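Given next are the chains, with one letter for each unit.
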Amino acid sequence: MKRLVLIDGNALLHRAYHATPPFTTSKGELINAVYGFSSMLLKALNELKPDYMAVAWDEKGPTFRHQAYTQYKATRGPADDGLSSQYKRVYEVTKALNIPEFSLSGYEADDLIGTLAKQAQNLEVIILTGDRDIMQLINKNIKVLMPRKTLSDVGLYGTEEFVAKYGFMPAQMVDYKALAGDASDNIPGVSGIGDVSATKLIHQFETIEKIYDPKNLKS
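Since the structure is predicted, the reported quantities are computational estimates derived from the model, not experimental observations.

Calculation criteria
- For every chain, the first residue of its written sequence is number 1, and the numbers climb from 1 along that sequence.
- Totals for whole chains, interfaces and linings use every residue, but because this is a predicted model, local features are given only for residues with pLDDT of at least 70 and side-chain atom pairs only at 80 or more, for both listing and counting.
- Hydrogens are left out, water is left out, and the side-chain values use all remaining heavy atoms of the structure.
- Note on conventions: DSSP H or I runs of at least 4 residues are helices, E runs of at least 2 residues are strands, and numbering of each starts at the N terminus.
- A 1.4 Å probe rolled over the protein chains alone gives each residue an accessible area, and that area as a share of the maximum for its type sets the label: buried under 20%, exposed over 50%, partly exposed in between.
- The definition of a polar contact used here is a pair of N or O atoms within 3.5 Å, where within protein one atom must be able to donate a hydrogen and the other to accept one, and adjacent residues in sequence count solely through side-chain atom pairs.
- Contacts are residue-level and defined by heavy atoms, with any inter-residue pair within 4.5 Å sufficient.
- The term nonpolar core refers to a set of buried residues drawn from Ala, Val, Leu, Ile, Met, Phe, Trp, Tyr and Cys, joined through side-chain atoms within 4.5 Å.

### A few points about the side chain of glutamate 124
Moving on, step 1. Residue placement: glutamate 124 occurs in strand β4 (residues 123-128).
Moving on, step 2. The class for glutamate 124 is buried, based on a relative accessible area of 18%.
Moving on, step 3. Of note is the side chain of glutamate 124, whose polar atom sits 2.9 Å from the side chain of arginine 3.
Moving on, step 4. Those residues in contact with glutamate 124 that sit more than four places away from it in its chain are Met1, Lys2, Arg3, Leu4 and Asn141.

### Re the nonpolar core
Moving on, step 1. Counting 31 residues, the largest nonpolar core has Leu6, Val125, Ile127, Met135, Val144, Phe162 and Tyr176 as the members making the most contacts within it.
Moving on, step 2. Mapped by element, the contributors of at least two residues to this core are β1 (2-8), β2 (52-56), α6 (109-119), β4, β5 (142-147), α7 (159-166), α8 (173-180) and α9 (195-205).
Moving on, step 3. If sequence neighbours within four positions are ignored, leucine 6 has contacts with Ala54, Ile113, Leu116, Ala117, Val125, Ile126, Ile127 and Leu128.
Moving on, step 4. If you look at the next biggest cluster of nonpolar residues, it comprises 24 residues, including Ile7, Trp57, Leu83 and Ile126.

This is the structure in C-alpha cells:
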C-alpha cells in the first residue's frame, strides 16, 4: 500500500517555533521556526518515505466554526510577530521541495486534512500535526504522528496506541471533547464534567446520545 503524508502546516510551524531556541541569520532575520519546520519536514521525508505528501494551511479570517459559536478561540492572544514573520520563508521551503499546498477560506487546515484523508482510498495515510483533535480520524488506514516536546520526540498513533493512551476509540474523541470541552479553543464542555468524568461516561455509555437516551436515565 502506498503512503500519503498530510501535514498541518500551522500546527507544525507553531510547534517548531516554540521547540527551537531563537536564532537569526547573519542579517538578523529570525529563522528558528523555519529551521524547526524544515527539520521536521525532512525527518518525515527521510523516515516515513511517503509516495505522496501535501501541506494544509489555515486561512486568515473567521471560519464556519465562528459562525456557529462566536467565542470560538476568543481567548487566544494576538499572533506572535516573531512567528508571523517566518511564514514567508516556510512557504519558500515547501515550494522548493515541490510539495502541494492546500488552503480554503472559511476552513481550517484540519478540515482540509480530514477531507484529503477520507478521499485517499487504498492509501496508508499518516497525518503529521500537533493538534489532538485530528485523532478522531484514526482507523486501520489512517495514523497520526504527533511531535512532542522536542523536534526529535514524536509518537505515531494508530488505533491501538490511541486506545492505550486515552481509554476509548478514536471516533469517540468528538463525544469526549463535547463533554470535557477544549480550553485551547475556548469550547465549553458540560458543566461539572472534566477529563476523568468524560472518560468514565464514554466507557459507560459510548456516546452522548446514549447518555440522554430515556432508557438510560434514572427516574
